[in-house]
Amino acid sequence: MNERTLRAGYADLLAAVADALDVPLPSLAAADEDAYRQLLEHRAGIVRSTVRANLDHSRDPWLAASQIRERAADYPITYTPFEYRRDGVTS
């Protein structure tokens, strides 16, 4: 890989990490807060293990980004996201 391709690969990897961990806050219901915490734990574990394996083996940022996206998709948002309400109006 040339330097430009490598930089683009690492930018894609960083975007995949950010996307995997950027989930909406949960509603104030205890079940939603638990689901949110579990989701973040699963996705953080995916990111950690994928990046570690990539560093130890392939060192291919495009592959790592793809794996993070595929594995994170196995853990969708299943809780009700928080909705800010001001004077009864959702914003």
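Data block above holds the structure.
Criteria and thresholds
Residues numbered from 1 in each chain as written. Predicted model: local features only at pLDDT ≥ 70, side-chain atom pairs only at ≥ 80, totals over all residues. Heavy atoms only, no water. Helix = DSSP H or I, 4+ residues; strand = E, 2+ residues; numbered from the N terminus. Rg over C-alpha atoms; globule rule 2.2 N^0.38 Å. Buried < 20%, exposed > 50% of the residue type's maximum accessible area, 1.4 Å probe, protein only. Lys, Arg positive; Asp, Glu negative; His and termini not counted. Salt bridge = Lys/Arg side-chain N within 4 Å of Asp/Glu carboxyl O. Polar contact = N/O pair within 3.5 Å; in protein donor to acceptor, adjacent residues only side chain to side chain. Contact = heavy atoms within 4.5 Å.

Asks: What exactly am I supposed to notice about the overall build of the protein chain here?
Replies: Of regular secondary structure, the protein chain possesses three helices and two strands. Starting at the N terminus, the α and β elements of the protein chain follow one another as α-α-α-β-β. Compactness check: the protein chain gives a C-alpha radius of gyration of 17 Å against a globular reference of 12 Å for 91 residues, more than 25% above the reference. Principal axes of the C-alpha set define a box for the protein chain whose edges measure 55 × 25 × 15 Å. A buried classification covers 25% of the 91 residues belonging to the protein chain.

Asks: How should the side chain of D32 be read in this particular structure?
Replies: Examined against the element boundaries, D32 turns out to sit in helix α2 (residues 30-56). No salt bridge is formed by the buried D32. Its closest oppositely charged neighbour is R85, at 12 Å. A distance of 3.3 Å separates a polar side-chain atom of D32 from the backbone nitrogen of T80. With residues near it in sequence (within four places) discarded, D32 still touches P26, S27, Y79 and T80.

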